[in-house]
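A structural walkthrough
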Amino acid sequence: MDKEYLEHVKKQLEKKLNSHRYVHTLGVMYTAASLAMRYDCDVEAAMKAGLLHDCAKCIPNKEKISLCEKQGISISDVELANPGLLHAKLGAYLAESEYGIQDKEILHAIEVHTTGCPEMTLLDKIIYIADFMEPYRDEAPNLSDVRALAFVDLDACLFRILKDTMKYLQSKKAPVDSMTETTYDYYKQYMKTRKGEQLCKD
Ligand code: DGI
Ligand code: FE
Ligand code: FE
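Residues numbered from 1 in each chain as written. Chains lettered and ligands numbered in written order. Predicted model: local features only at pLDDT ≥ 70, side-chain atom pairs only at ≥ 80, totals over all residues. Heavy atoms only, no water.

**As for the layout of surface pockets**
Reported here for the largest pocket is a volume of approximately 1000 Å³. Lining the largest pocket are 31 residues, with Thr114, Arg137, Thr165, Tyr168 and Leu169 sitting closest to its centre. When contributions to the lining of the largest pocket are tallied by element, the ones reaching two or more residues are helix H2 (19-38), helix H8 (122-133) and helix H10 (154-171). Among the elements that line the lining of the largest pocket, the one with the most residues is H10, at six residues. The residue makeup of the lining of the largest pocket, split by class, is 11 nonpolar, nine polar and 11 charged. (1 Å grid on protein atoms, 1.4 Å probe; cavity = no way out; pocket = protein on both sides within 12 Å on 5 of 7 lines; lining within 4 Å. Points joined across faces, edges and corners; volume = space filled by probe spheres on them. Helix = DSSP H or I, 4+ residues; strand = E, 2+ residues; numbered from the N terminus. Nonpolar A, V, L, I, M, F, W, Y, C, P; charged D, E, K, R; others polar.)

Set out below in structure tokens:
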């Protein structure tokens, strides 16, 4: 375990994030570690991705946009209207350029942690789910169900969160990012197919 690296990054992030976000970040790091243990994923990679997933969250929105433009990171219409969404892509960029992460799997998990994507890797799913269920999160509905499901059936848990997120965005009349929608459609189909296969076996 690269303890020195994790401690070093923790100190950096404490300066870059507000205290609410910093505490959330530690929650995601340890929750991701637990899920990695359960599903036989690389625990150190899960901790690094969890620690860094929101590293760009507290950059002011205007700066998020200008940083993306400078780095040639594409911005969709929905992202332009909701620049907060850009913290995932920018986070992956900063994880590499500022925090020295070279592992593409870690960078990808950070990049897709807000919208998800089709065919997520095990690490992508762990970070996406840990972000939603970490101990300090308290605003989401059905949290206790999601937390229990995460340790029993990772894909069912992922789909449950995607479904709740779509419902939440629709209730707020918030514009849905095309990747959020694509991910939801992909895992809806995936869970349907899985159910069909299960029934064939029975
Ligand atoms: O950064 P965190 O708050 O820890 O969590 P996150 O990166 O998952 O971001 C959560 C927020 O992102 C939550 O308020 C819902 C929002 N979000 C996710 N997908 C979309 C979205 N917001 C809009 N407008 N459109 C989306 O497709
Ligand atoms: Fe985030
Ligand atoms: Fe987060």
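Now that the structure has been shown, we can carry on.
**Here we look at the packing of H10 against helix H11 (residues 178-201)**
One can describe the packing of H10 onto H11 by two numbers: an axis separation of 10 Å at closest approach and a directional angle of 135 degrees. Classed by the angle they form, the pair H10 and H11 counts as oblique. The chirality of how H10 crosses H11 is left-handed. Between H10 and H11, the residues in contact are Asp155, Ala156, Leu158, Phe159, Leu162, Lys163, Met166 and Leu169 and Thr180, Glu181, Thr183, Tyr184, Tyr187, Lys188, Tyr190, Met191 and Arg194, respectively. Of the residues that constitute the contact of H10 with H11, the class distribution is 10 nonpolar, two polar and five charged. (Axes fitted to C-alpha atoms, helices over the stretch in contact; angles between N-to-C directions. Parallel < 35°, antiparallel > 145°, perpendicular 65-115°, else oblique. Left-handed = near helix turned anticlockwise from the far one by under 90°. Contact = heavy atoms within 4.5 Å.)

**Here's the deal with the nonpolar core**
Counting 64 residues, the largest nonpolar core has Leu13, Leu35, Leu52, Tyr99, Leu123 and Ile129 as its most contacted members. Residues within four places of Tyr99 in sequence aside, it is in contact with Tyr5, Val9, Gln12, Leu13, Lys16, Leu52, Cys55 and Leu94. (Core = buried A, V, L, I, M, F, W, Y, C linked by side-chain atoms within 4.5 Å. Buried < 20%, exposed > 50% of the residue type's maximum accessible area, 1.4 Å probe, protein only.)

**Comments concerning the side chain of His24**
Inspection of the secondary structure puts His24 in helix H2. The exposure class of His24 is buried, given its relative accessible area of 3%. Within polar-contact distance, the side chain of His24 engages the side chain of His53 at 3.3 Å. Setting aside residues no more than four positions away along its own chain, His24 makes contact with His53, Asp54, Asp131, Glu134 and Arg137. (Polar contact = N/O pair within 3.5 Å; in protein donor to acceptor, adjacent residues only side chain to side chain.)

**Here we look at the environment of Tyr93**
Considering the arrangement of structural elements, one finds Tyr93 in helix H6 (residues 87-97). Here the alpha-carbon distance between Tyr93 and Glu119, two residues 26 residues apart in the chain, equals 21 Å. Sequence-distant contacts of Tyr93, defined by excluding residues within four places in its chain, comprise Gln71 and Ile73.

**Here's the deal with the packing of H8 against H10**
In the contact formed by H8 and H10, the axes pass within 10 Å of each other and the chain directions differ by 50 degrees. Comparing the axis directions of H8 and H10 gives the class oblique. As H8 packs across H10, the resulting crossing turns out to be left-handed. Of the residues in H10, those in contact with Leu122, Lys125, Ile126, Tyr128, Ile129 and Phe132 of H8 are Leu154, Asp155, Cys157, Leu158, Ile161, Leu162 and Thr165. Looking at the contact of H8 with H10 residue by residue, the classes come out as 10 nonpolar, one polar and two charged.

**Quick look at the coordination of the iron ion (ligand 2)**
Distances from the iron ion (ligand 2) to its protein donors, namely Asp54 (OD), His87 (NE2) and His113 (NE2), fall within the range 2.1 to 2.2 Å. We note that the donor set of the iron ion (ligand 2) lies within a single chain, spaced as D-x32-H-x25-H. Between the iron ion (ligand 2) and the iron ion (ligand 3), a separation of 3.5 Å is found, and both are coordinated by Asp54. Of this pair, His87 sits in helix H6 while His113 is found in the loop between helix H7 (104-111) and H8, placing the two residues 26 residues apart along the sequence. You'll find His87 and His113 in the same group, each marked buried. (Donors = N, O, S within 2.8 Å, 3.2 Å for Na, K, Ca; no water.)

Keep in mind these numbers describe shape, not what the thing actually does.
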